[in-house]
Amino acid sequence: MTGRRKRRAGMNVEEAVEFLNHLWVEKPMLPFLISLILGCWVIERWVFSLSNWVPLVVAVWATIQYQSYQRRILVEDLNKKWKRVILNTSPITPLEHCEWLNKLLMEVWQSYMNPKLSLRFSSIVEKRLKHRKPRLIEMIELQEFSLGSSPPSLGIQGARWSISGDQKFMRLGFDWDTSDMSILLLAKLAKPLMGTARIVINSLHIKGDLLFVPILDGKSLLYSFISAPEVRIGVAFGSGGSQSLPATELPGVSSWLVKLFTDTLVKTMVEPRRRCYSLPAVDLRKKAVGGIIYVTVISAGNLSKSSLRGSPSQKNNFSLNGSLEDHGNDKDLQTFVEVEVEELTRRTGMKKGSNPNWDSTFNMILHEETGNLRFHLYECDPGSVKYDYLATCEIKVKYVADDSTTFWAIGPDSGVIAKNAEFCGQEVEMVVPFEGVSAGELTVRLVLKEWQFVDGSHSLKNVHGSSTHSLYGSSNFLSRTGRKINISVVEGKEFLVKGKSGKCGTYTKLQYGKAFMKTRTAPATVPIWNQKFEFDEIGGGEYLKIKCYTEDLFGDEPIGSARVNLEGLVDGTIRDVWVPLEKVNSGELRLQIEAVRVDDNESRGAGLGNGWIELVLVEARDLIAADIRGTSDPYVRVHYGNLKRRTKVMFKTLNPQWHQTLEFPDDGSPLVVHVKDHNALLPTSSIGDCVVEYQRLPPNQLADKWIPLQGVKRGEIHIQITRKVPDLQKRTSLDSESSSTIAHQISSQMKQMMAKFQSLIEEGNLEALSTTLSKLESLQDTQEEYMVQLETEETLLLNKIKELGQEIFGSSPSHSRRSSSD
């Protein structure tokens, strides 16, 4: 017994020394940090005592580093296991040279492979660039993408088939070194640089070993890199317009692109992650843009505490007695499973034992034609609120172009578990082992309810008779303007309400492009809204973003968010869907979505010279405090094309009331409302802004809206807007007095105000000076409004005269005789 304890103590010492050596190499600043911590501790111990923060900080830091170290050991051991299985298998074919494959690839690359791969990769790159960009770049857009005329070289050193159990593998080299590719990115730079710049990727080098695995009797092919490949990207910088930077390298952009590309490869197609290429018998040339899948977590089997906890290196240290004790406690193991699809997660209930049965079904949404279903197993101690992570497994889903669906996962000993659902609604049951552990498996049932396609068809409704528009035609259709998206927020269910007072309601915010809408507040127990909102359709795969909140006496709390892909909507067809909320464990929102084609003449509305926009800025509520005293001096500045108008200032209030009317000639320009805090001497500060949608309003009908302000935590503005269609006889001027009288009054008031302004400057009365300046600015805005009114009336009068002239010319006898002779 004494010898066993000595051996165990020696192993712990060796592990501690190895851990310290790892920290010494990975953390070169560690000696300085330790010296600094010890110095702070000595000062606190013998000079003055404040708290016990030094040991606490050291303990937290050491715990984080140790967990990171253990996770790295687990990943390394898992990779070694995959490589050992792959490299130590017995070959069933000799080394085969692949000159014929490279010649064939060269022949089909330029006319077939390059356009197809460029189109596929460009969509992937666009999505990655939106979600992962450096702070230096405010916005980045992909303008051109072509892989060039030089294909990669495959199997220069030959290819070899291997076998592991019943599974076949083919391994061959991959080397791609090209400099004739054409990838152009347009970047808008953030502060302090500002401006635009063109980023040109002009060379690419990728070198590694590929692994191919045929599945489903040769109907599909899994492919991956055995290890992370070597990646180099050449970047050049060009001009980007009038505000562009010189053609010099932007710091960090090249390394960011290399890291982005490498991380994408590692997460998607480096062992054990694999991508799937299907070889369907019939290609319907349809692109899936999303799907609805029902995931049922049935049960788990062979769960063991000793096998599920810790890294493989730690498991070797367990004694036989310890293992038996752990197995004896497996009947008390209490676990649950968390299902994850991107940011959407759902949890099962708690079950006991080593073979728990949950039988829980969840409604999940896929936003593309592929998806990763990850299943995380957790242990829950009944006497604690902490969850212990145990293991993970993953199932991948992919749409096949013959309207079937492929599911696959990594099986035992790096094998493959693959199944195919030939039609939507067909059940697929899979038993998947947990990754990186020696025991434990999960049984799940998957039902792909429906696929949605870019041409608006649904695989559930019409499997073989749906529209077969090509991908290119559908993309052009979606990029066209002139459609409205009507979204009805119907109801919700199973919301996780976070109200503290017990008297709370729920509301929903919708964002589509730059347009924001908000529902009214409904009771949290029965959240029913039945509110309809209208948006202008945006091409390019823009998502509808949804956020749900609880409105409580102690502040609003988010209760979940979601994204909805609005591609593939058919004119006049209502799509009724339950959307699960993301980043929470429960909650669904019912939406009814409809796309409406608007006639070109109607979509233009009342054009320039054919009408005007009447905007009434009524009031605002719950604004943020911009002053130190907890209040604001709010006023509104409206931007309409090149025109700018503003309201009067309401001093010392967070709920101002303006009741001020502004008018603009209707030319279809964006109408942006900026709420600002007034300062007499300092620059004004923004307390929110919003975009007012008016282009599709019915003529001469008042629209009353509360619009939430953007860029701030809270605040709403109440506006009334009317798209006026003119009737020259009924059009009234700003005042019943003559134009000369109004102009004289405004000029006289401005002269008096300027004289008063100069006297206040001489007296140094800052408070009165601020009030006078505000009145002067309001008077100036009134003058500008009057000038716009005159210009509008002049334009309307000229158009009327022109129409009368055409009628007179058309009805004249000479014109009639000339027309009859012709």
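Worth saying up front: this structure is predicted, and the values here are computed from it rather than measured.

## A look at the pairing of strand 22 (residues 505-512)
- Among the eight residues of strand 22, six are classified as buried, and the element is accordingly described as predominantly covered.
- Relative to strand 26 (residues 543-551), strand 22 is paired through eight bridges, and the arrangement is antiparallel. Paired with Gln 511 across the bridge in strand 26 is Lys 545.
- Bridge count between strand 22 and strand 23 (residues 515-518): four bridges; the pairing is antiparallel. Following the sheet pairing, Gln 511 is matched in strand 23 by Phe 516.
- Linking strand 22 to strand 23, which pair antiparallel, is a turn of two residues; within it Gly 513 sits at a positive phi near 70°.

## Observations regarding the packing of aromatic side chains
- The tally for this structure, following the rule as stated, stands at 12 aromatic pairs.
- Relative to Phe 535, the ring of Tyr 512 has its centre 5.9 Å away and its plane inclined at 75°; by these criteria the two rings are edge-to-face. Here Tyr 512 is found in strand 22, whereas its partner Phe 535 is found in strand 25 (residues 528-536), with 23 residues between them in sequence.
- Every member of this aromatic cluster is reached through a ring pair, and the members are Phe 336, Tyr 378, Tyr 387 and Tyr 389.

## Examining the pattern of salt bridges
- Counted according to the given criterion, the structure contains 18 salt bridges.
- Its salt-bridge partner being Glu 271, residue Arg 274 comes within 2.8 Å of it at the nearest N-O pair. For the pair Arg 274 and Glu 271, a shared accessibility class is recorded, and that class is buried.
- Notably, a salt bridge pairs Lys 583 with Glu 343, separated by 3.9 Å at the nearest N-O pair. With Lys 583 in the loop between strand 28 (574-580) and strand 29 (588-597) and Glu 343 in the loop between strand 11 (334-341) and strand 12 (344-347), this residue pair connects regions lying 240 residues apart in the sequence.
- Relative accessible area serves as the criterion here: at 38%, Glu 343 is assigned to the partly exposed category.
- Where salt bridges share partners, they join Arg 273, Arg 374, Glu 394 and Glu 435 into one cluster.

## Observations regarding the side chain of Thr 443
- As for its placement among the helices and strands, Thr 443 is situated in strand 20 (residues 441-453).
- Apart from the residues within four sequence positions on either side, Thr 443 is in contact with Thr 296, Val 297, Ile 298, Ser 299, Glu 429, Met 430 and Val 431.

## Thoughts on the confidence of the model for the protein
- Residues at a pLDDT of 70 or more form 72% of the protein, whose mean pLDDT is 75.
- Taken element by element, the predicted model of the protein shows its lowest mean pLDDT in helix 9 (residues 471-479) (32) and its highest in strand 19 (residues 427-433) (92).
- In the model, residues 240-248 has pLDDT below 50 throughout and makes 17 contacts with residues more than four positions away in sequence or in other chains.
- The low-confidence segment residues 600-609, where pLDDT is below 50, has 15 contacts with residues more than four positions distant or belonging to other chains.

## Re unusual backbone geometry
- For the bond from Glu 271 to Pro 272, the omega torsion is 5°, close enough to zero to count as cis.
- Mapped onto the elements of the fold, Pro 272 is located in the loop between helix 5 (253-269) and strand 9 (275-278).
- Although it is not a glycine, Asp 217 adopts a positive phi angle of roughly 60°.
- Along the chain, Asp 217 falls in the loop between strand 6 (196-215) and strand 7 (220-225).
- The exposed category is assigned to Asp 217, whose relative accessible area is 82%.
- The phi dihedral of His 659 falls on the positive side, at around 50°, and the residue is not glycine.
- Tracing the backbone shows His 659 in strand 33 (residues 657-665).

## Thoughts on the nonpolar core
- Ile 293, Phe 375, Ile 395, Met 430 and Leu 442 are the most contacted members of the largest nonpolar core, which has 41 residues in total.
- When neighbours within four sequence positions are excluded, Ile 395 is seen to be in contact with Gly 371, Asn 372, Leu 373, Phe 375, Phe 407, Trp 408, Ala 409, Met 430, Val 432, Val 444 and Leu 446.
- Judged by nonpolar contacts, the second largest core, of 38 residues, contains Ile 199, Leu 204, Ile 206 and Leu 257.

What counts and how
What you see as residue numbers is a count from 1 along each chain, following the sequence as written. Only residues with pLDDT of at least 70 are given local features in this predicted model, and only at 80 or more are side-chain atom pairs given and counted; all residues enter the totals for whole chains, interfaces and linings. As a rule here, side-chain values cover all heavy atoms of the structure and leave hydrogens and water aside. For the exposure calls, accessible area comes from a 1.4 Å probe over protein chains only, and a residue counts as buried if that area is under 20% of its type's maximum, exposed if over 50%, partly exposed in between. Comment: elements are numbered from the N terminus, with helices defined as DSSP H or I runs of at least four residues and strands as E runs of at least two. Between any two strands, pairing holds if DSSP finds at least two bridges. Stacked, edge-to-face and tilted are the three classes for Phe, Tyr and Trp ring pairs, Trp counted by its six-membered ring, which pair at centre distances within 6.5 Å; planes under 30 degrees apart are stacked, over 60 edge-to-face, the rest tilted. Salt bridges are defined as contacts in which a side-chain nitrogen from Lys or Arg sits within 4 Å of a carboxyl oxygen from Asp or Glu. The criterion used for residue contact is that any of the two residues' heavy atoms lie within 4.5 Å. pLDDT expresses, on a scale from 0 to 100, how confident the predictor is about each individual residue. We define the nonpolar core as a collection of buried residues of types Ala, Val, Leu, Ile, Met, Phe, Trp, Tyr and Cys that are connected through side-chain atoms lying within 4.5 Å of one another.

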